[in-house]
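Chain by chain, the residues run as shown.
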Amino acid sequence: MRLIQISDCHLCANPEARSRIGYPLRQLRSVVAQARRLRPDIVLVSGDIGHDESPAAYRHAFEVFAEFECPWFWMTGNHDHPEFMEELHPFHDELDLGEWRLLLLDSRVPGQAGGELGQAALQDLAMRLEEDDRPTLLAMHHPPLEIGSAWMDALGLADREALWQTLAAYGQVRAVLCGHIHQAFAARHGDIAVYGCPATADQFLPRRDDFTLDEASRPGFRIVDLEGQRLSTWVERVDP
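Rules of the game
- Residues numbered from 1 in each chain as written.
- Predicted model: local features only at pLDDT ≥ 70, side-chain atom pairs only at ≥ 80, totals over all residues.
- Heavy atoms only, no water.
- UniProt positions renumbered as here; feature names shortened; annotations may be inferred.
- Helix = DSSP H or I, 4+ residues; strand = E, 2+ residues; numbered from the N terminus.
- Pairing = 2+ DSSP bridges.
- Axes fitted to C-alpha atoms, helices over the stretch in contact; angles between N-to-C directions.
- Expected span 1.5 Å × (residues − 1).
- Contact = heavy atoms within 4.5 Å.
- Polar contact = N/O pair within 3.5 Å; in protein donor to acceptor, adjacent residues only side chain to side chain.
- 1 Å grid on protein atoms, 1.4 Å probe; cavity = no way out; pocket = protein on both sides within 12 Å on 5 of 7 lines; lining within 4 Å.
- Points joined across faces, edges and corners; volume = space filled by probe spheres on them.
- Nonpolar A, V, L, I, M, F, W, Y, C, P; charged D, E, K, R; others polar.
- Disulfide = S-S within 2.5 Å.
- Buried < 20%, exposed > 50% of the residue type's maximum accessible area, 1.4 Å probe, protein only.

The name given to the protein in an unreviewed UniProt entry is Metallophosphoesterase, with Chromohalobacter sarecensis as the source organism. Within the UniProt record for the protein, the comment given under Sequence similarities (unreviewed entry) is "Belongs to the cyclic nucleotide phosphodiesterase class-III family."

Visitor: Before we move on, can you summarise the UniProt feature "domain: Calcineurin-like phosphoesterase" (unreviewed entry) in the protein with the specific residues and values?
Guide: Within this numbering scheme, the UniProt entry marks residues 1-183 as carrying the feature "domain: Calcineurin-like phosphoesterase" (unreviewed entry). Taken end to end, residues 1-183 has its terminal C-alpha atoms 24 Å apart, with 31% of it in helix and 17% in strand.

Visitor: An account of the sheet that holds strand 8 (residues 185-189) is needed here, citing residue identities and associated values.
Guide: Spatially, 4-5-6-7-9-8 is the arrangement adopted by the 6 strands of the open sheet, whose pairing is mixed. The open sheet is flanked by strand 4 (94-97) and strand 8, the only strands paired with a single partner. On average, each strand axis in the sheet is tilted by 20° relative to the strand beside it, whichever way the strands run. Sheet topology note: the strand 7 (residues 173-178)/strand 9 (residues 192-196) ladder contains 4 bridges and is parallel. Bridging from a neighbouring strand, Ala175 pairs with Ala193 of strand 9.

Visitor: Pulling in residues and values, what's your account of helix 1 (residues 24-37)?
Guide: End to end, helix 1 covers 20 Å across 14 residues, agreeing with the expected 20 Å (1.5 Å per residue, within 8%). In this structure, the buried residues of helix 1 make contact with strand 1 (2-6), helix 2 (55-65), strand 10 (220-227) and strand 11 (230-237).

Visitor: Mind laying out the side chain of Ser19, listing which residues take part and the relevant values?
Guide: Relative to the assigned elements, Ser19 resides in the loop between strand 1 and helix 1. In terms of polar contacts, Ser19 uses its side chain to reach the side chain of Asp202, at 2.8 Å.

Visitor: Give me the pairing of strand 8: which residues, what numbers.
Guide: Where a strand is regular, its side chains alternate between the two sheet faces. Relative to strand 9, strand 8 is paired through 5 bridges, and the arrangement is antiparallel. Each bridged residue has a counterpart across the sheet, and for Phe185 the counterpart in strand 9 is Gly196. The antiparallel hairpin formed by strand 8 and strand 9 contains 2 residues in its connecting segment, where Gly190 sits at a positive phi of about 65°.

Visitor: Got a sec to walk through empty space enclosed by the protein? Specific residues and values, please.
Guide: Following the criterion strictly, the structure yields 1 cavity of 30 Å³ or more and no others. Of the volumes computed, that of the largest cavity is approximately 50 Å³. Together, His10, Leu11, Cys12, Asn14, Pro15, Ala17, Pro24, Leu25 and His60 line the largest cavity. Looking at the lining of the largest cavity, its residues break down into 6 nonpolar, 3 polar and no charged.

Visitor: Help me get a handle on the state of the cysteines, residues and values and all.
Guide: Counted by the stated rule, this structure contains 0 disulfides. Cys197 supplies the cysteine sulfur nearest to Cys9, a cysteine that is in no disulfide, at a spacing of 9.2 Å. Taking the relative accessible area as the measure of exposure, Cys9 reaches 0% and is therefore buried. Free cysteine Cys197: the closest other cysteine sulfur is in Cys178, separated by 8.6 Å.

This is how it looks when you write it as structure tokens:
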């Protein structure tokens, strides 16, 4: 089972719109073209698809993602409008990966850059984990760990400690996939791995106290291969 994670596209209604250092739609097309060559079984887009609050941004994204030969799924980030997304492509909160499963958690808080799951969502997560002990991946937009950049750590998952307390009872959770941070990232909380995904738009320079772009880094995506009980993952970069 090969899963590809794409994140933080930041598209605008104008297909030629420029970001601070690139052209988001052109970069997304390059990422998807390379990802297709790796023949994924499933694709997850982990939020911040749109940037300018326009329905057209999601239409551009839908047209690009529709080029995948496999099923693809998206979830919201702090910049997104769920109603525009759902008009084009439905949301899912669980994906069957055969011997594994993937649970999608909505960390978006309307009007805020930071994220939070909330007590009700954590209680629901615990119930879902009680029902199935297959090896499990979680996905959310906001990172559930500090990444070493003060400005971004202030905008992460506000109730991350409550998340880890919830997960402590469930050994089947193997890894968490997140977006939001616009950079490759890998760390662990106990036995659970946390993997961050590069953006298809601009990259952020790691380990900076203040917002800083990484002008030397290229757009990218994450590959997750699942074979039996084994998970392997790496990041691919793309020339925009």
